[in-house]
Amino acid sequence: MRTTVGIIGAGPAGLLLARLLHNSGIDSVVLESRDRAYVERRQRAGILEQGTVDVLRAAGAGERMDREGLRHDGIELRFDRRRHRVDFPALTGGRSVMVYAQTEVCKDLIALQLKEGGPLLFKAEALAVEDAQSDRPRVRFRQEGSEGVLECEYVVGCDGFWGVARKAVPASLSRVFERMYPFGWLGVLADVPPSHDELVYARHDRGFALLSMRSTSVSRLYLQVPDGTDAEEWDDDDIWAELERRFETADGWRLRRGPITQKSVTPMRSFVHEPMRHGRLFLAGDAAHIVPPTGAKGLNLAVGDVVTFARALTHQQKTGSAELLDAYSETCLRRVWQAERFSYDMTTLLHKAPDATDFEDRLQLARLDRIVTSRAAETDLAEAYTGFPIG
């Protein structure tokens with residue numbers, strides 16, 4: 001098989017890249033190790049920045065998102081039983097975010113790819129990227145028990161943290177920046193309407209809690225738990241009781257309970273691999289960087305990466321200049337590090353560290369108080385939350 005761009009991974013980044021390339025008249029082949037059903041039910045992110053929403057619309061993938069997604073114009077911060085709403089449009093000149101699950105983004109992009117795009121091969125496991133520094137890199141893959149080779153002009157690794165793409169970058173050229181957090185998130189899906197119409201970020205002496213949603217009838221909620229926690233250690237009643245404690249307010253607000261249909265624990269880490277390019281191999285999304293979910297940046301960073309690559313390759317095809325392709329890693333990393341900074345700030349602002357001192361607790365409260373009493377500080381949060389410029 002031969003193509004211009006070999007894309008490893010059919011998550012939102014790989015699928016969106018294929019769509020962007022198709023719209024620019026550039027052919028691609030997408031290799032995905034899992035089957036279609038798995039990709040379409042894989043629970044991940046649910047908050048789309050303004051820039052991501054705009055990109056999906058421009059790519060022709062926004063119709064169902066605009067019909068079924070939930071536009072959010074703010075978030076609520078809770079601490080000391082106090083409530084404060086951060087008004088995004090008022091602080092950012094009209095920007096907002098969209099609640100629309102990654103599963104739904106993938107469904108929309110898969111349907112478009114199968115209808116209009118190039119080959120999308122499910123159950124095609126990438127085994128290795130070879131000759132990345134040549135003008136004809138290859139991806140070896142296995143599908144239905146047989147090995148094949150995909151010859152490309154460029155390879156884009158959208159295959160996540162555990163994928164093979166990053167392994168093709170020589171260790172001597174790689175720099176890794178990483179931080180592991182001593183806590184995780186116990187996340188649950190519950191068949192109950194959300195108890196608030198926007199996301200609620202709660203800082204509590206017992207730990208962080210987040211109230212989110214997947215739709216008007218399904219709630220998504222999270223509790224900070226110690227690293228290594230087994231989700232099955234928590235029964236449903238204990239989860240609801242702890243959520244109620246951490247969301248408690250002085251005005252008598254109440255949390256709605258309902259049947260919990262899914263629960264899992266997500267570890268928390270920050271990770272950046274530099275560079276994001278090696279020869280004709282380009283890394284995108286979780287293959288190059290991980291952020292703790294507190295800032296809702298993971299999927300949005302991946303979108304920024306593939307938009308940057310698609311623009312650069314389109315520019316090269318039209319003008320013959322590789323200037324933007326050569327700048328890919330530097331361009332993406334500027335945005336990545338701002339997202340890492342924001343995600344770290346939100347994580348340390350709202351979570352209770354196991355060894356936190358009284359001094360550090362008071363600093364958290366002072367930082368929160370600064371946000372809710374200073375328009376400048378509040379604007380900084382709103383601008384970062386709704387998204388950093390792409391490119």
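Residues numbered from 1 in each chain as written. Predicted model: local features only at pLDDT ≥ 70, side-chain atom pairs only at ≥ 80, totals over all residues. Heavy atoms only, no water.

Student: How should the overall build of the protein be read in this particular structure?
Tutor: The number of helices and strands found in the protein is twelve helices and 20 strands. Along the first, second and third principal axes, the C-alpha set of the protein runs to 65 × 40 × 40 Å. Across the 391 residues in the protein, those meeting the buried criterion constitute 57%. Considering only contacts in the protein between residues 6 or more positions apart, those separated by 24 or more positions represent 71%. Carbon and sulfur atoms form 46% of the exposed surface of the protein, whose accessible area is close to 16,800 Å². If you average the places of the 52 positive and of the 58 negative side-chain charges in the protein, the two averages end up 2 Å apart. (Helix = DSSP H or I, 4+ residues; strand = E, 2+ residues; numbered from the N terminus. Buried < 20%, exposed > 50% of the residue type's maximum accessible area, 1.4 Å probe, protein only. Contact = heavy atoms within 4.5 Å. Areas by Shrake-Rupley, 256 points an atom, 1.4 Å probe, with all protein chains shown as cover. Lys, Arg positive; Asp, Glu negative; His and termini not counted. Charge placed at Lys NZ, Arg CZ, Asp CG, Glu CD.)

Student: What am I meant to see in the packing of aromatic side chains here?
Tutor: Each pair of aromatic rings is reported with the distance of its centres and the angle of its planes. This model, assessed by the stated rule, comprises 16 aromatic pairs. Ring geometry for Phe161 against Trp162: centres 4.8 Å apart, planes inclined by 90°, an arrangement best described as edge-to-face. Considering the side-chain rings of Tyr181 and Phe183, the 5.9 Å spacing of their centres and the 35° angle between planes classify their relative orientation as tilted. Here Phe183 falls in the buried class, since its relative accessible area comes to 6%. Cluster of aromatic residues (ring-pair linked, three or more members): Phe88, Trp185, Tyr201, Phe208, Tyr222, Phe342 and Tyr385. Lying across the ring of Tyr38, Arg34 places its NZ or CZ 4.2 Å from the centre. In this structure, Arg78 packs its charged tip against the face of Trp253, placed 3.9 Å from the ring centre. (Phe/Tyr/Trp six-rings, centres within 6.5 Å; stacked < 30°, edge-to-face > 60°. Lys NZ or Arg CZ within 6 Å of the ring centre and 35° of its normal.)

Student: Would you mind showing me how to read the pattern of salt bridges here?
Tutor: If charged atoms from side chains of opposite charge come close, those side chains can pair. The tally for this structure, following the rule as stated, stands at 40 salt bridges. For Glu130, the salt bridge is made with Arg140, and the minimal N-O distance between the two is 2.5 Å. Of this pair, Glu130 sits in strand β9 (residues 124–130) while Arg140 sits in strand β10 (residues 138–143); the two residues are ten residues apart in sequence, bridging distant segments of the chain. Glu130 gets classed as partly exposed once you look at its relative accessible area, which sits at 22%. Take Arg140: its relative accessible area is 26%, and that puts it in the partly exposed class. In this structure, the salt-bridge partner of Arg277 is Asp326, at a minimum N-O distance of 2.9 Å. Placement of Arg277 in strand β18 (residues 277–278) and of Asp326 in helix α9 (residues 323–326) is noted, with a sequence separation of 49 residues between them. Via salt bridges that share partners, Glu63, Arg64, Arg67, Glu68, Glu104, Lys107 and Asp108 belong to a single interconnected network. (Salt bridge = Lys/Arg side-chain N within 4 Å of Asp/Glu carboxyl O.)

Student: Help me out: how do you make sense of the packing of helix α1 (residues 12–23) against helix α8 (residues 298–319) in this one?
Tutor: In a pair of packed helices, the angle between the axes and the distance between the axes together describe the arrangement. At a minimum axis separation of 9 Å, α1 and α8 run at an interaxial angle of 25°. Relative to α8, the element α1 lies roughly parallel. Remark: the crossing between α1 and α8 carries right-handed chirality. Residue-level inspection shows Pro12, Ala13, Leu16, Leu17, Leu20 and Leu21 of α1 in contact with α8, the latter providing Leu299, Ala302, Val303, Val306, Val307, Phe309, Ala310 and Leu313. Looking at the contact of α1 with α8 residue by residue, the classes come out as 14 nonpolar, no polar and no charged. (Axes fitted to C-alpha atoms, helices over the stretch in contact; angles between N-to-C directions. Parallel < 35°, antiparallel > 145°, perpendicular 65-115°, else oblique. Left-handed = near helix turned anticlockwise from the far one by under 90°. Nonpolar A, V, L, I, M, F, W, Y, C, P; charged D, E, K, R; others polar.)

Student: Any chance you could explain the pairing of strand β1 (residues 5–8) here in plain terms?
Tutor: Residues in a regular strand project their side chains so that they alternate between the two faces of the sheet. Burial along β1 is two-sided: the face carrying Val5 and Ile7 and the face carrying Gly6 and Ile8 are both buried. Judged from the four bridges that link them, β1 and strand β2 (residues 28–31) form a sheet pairing that is parallel. The partner of Val5 across the bridge, within β2, is Ser28. Tracing the backbone out of β1, into α1 and back to the parallel element β2 gives a crossover that is right-handed. Pairing of β1 with strand β12 (residues 154–157) involves four bridges; the strand directions are parallel. (Pairing = 2+ DSSP bridges. Right-handed = clockwise from strand over helix to strand, strands pointing away.)

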